[in-house]
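# Chain and residue survey
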Amino acid sequence: VKVVEDTKGAECPVKAFKDRLLKCGFRSVVAPGRTTEKGGKSGGVAIAWRGGLNITCPQVIFPHRVVSVELHTHNAGGIQLVCASGDSQGTWKCQKAMWKAISLAAAASGKPFIWGGDWNASNLQVQEIVGSLNVPACIRAPDRSSCVTVSGGSIIDFFLWCTIS
């Protein structure tokens, strides 16, 4: 399973992208990026998987920002996998609808989950958000900065997981 976030291609021909993945042996779910009010590119996420894997329920949970699938394993049952790209504004106001859509999709799935992405928020901010939504998630973040700019670094790319279904 491969997850791709921040593809940015607002004019990305999704059908052509999916066809290219299929030619390489991957099925996929894709949410294309969008053009911002200032003319820039934003978002775009995908999950791709080999055709032999038992994956169901591919869906776009939130336009341009979040996709998910359910991976069914032989012994461990099903797991909801999510790939997300948080709004670069990084505020609760900007991301509230996205987080609500993710939590509703998790509740509808009823399965343990792994959510990965560029959240554009620190792990403490995300922990506060999922706590306010009553989502029993743990965070697994890297020890070093995942986003480095000229002004410094931050950890905004990480995973959330929950083993309770």
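Per chain, the residues get numbers from 1 upward, laid out in the order the sequence is written. The model is predicted, so local features are restricted to residues of pLDDT at least 70 and side-chain atom pairs to those at 80 or more, both for listing and for counting; the totals for chains, interfaces and linings are taken over all residues. Excluding hydrogens and water, the side-chain values take into account all heavy atoms of the structure.

## Considering the environment of Pro63
Each helix is a run of DSSP H or I of at least 4 residues and each strand a run of E of at least 2, with the numbering of both proceeding from the N terminus. Residue placement: Pro63 occurs in the loop between strand S6 (55-62) and strand S7 (66-73). The cut-offs for exposure are 20% and 50% of the maximum accessible area for each residue type, with area from a 1.4 Å probe on protein chains only; residues under the lower value are buried, those over the upper are exposed, and the others partly exposed. With a relative accessible area of 52%, Pro63 lands in the exposed category. C-alpha separation for the pair Pro63 and Val45, spaced 18 residues apart in sequence, amounts to 9.4 Å.

## Topic: the pattern of salt bridges
Salt-bridge detection follows one rule: a side-chain nitrogen of Lys or Arg within 4 Å of a carboxyl oxygen of Asp or Glu. Per the stated rule, a full pass over the model turns up one salt bridge. For the salt bridge of Lys111 with Glu70, the shortest nitrogen-to-oxygen distance reads 3.8 Å. Of this pair, Lys111 sits in the loop between helix H2 (92-109) and strand S9 (113-118) while Glu70 is found in strand S7, placing the two residues 41 residues apart along the sequence. By relative accessible area, Lys111 is classed as partly exposed at 22%. The exposure class of Glu70 is buried, given its relative accessible area of 10%.

## Side note on the pairing of S7
With six of eight residues buried, S7 lies mostly within the body of the structure. In short, DSSP must find at least two bridges between two strands for them to pair. Where S6 meets S7, five bridges bridge the pair, whose relative direction is antiparallel. Considered in S7, the bridge of Gln59 is made with Ser68. Once S6 ends, the chain turns through three residues before running back antiparallel as S7, passing His64 with a positive phi of about 70 degrees.

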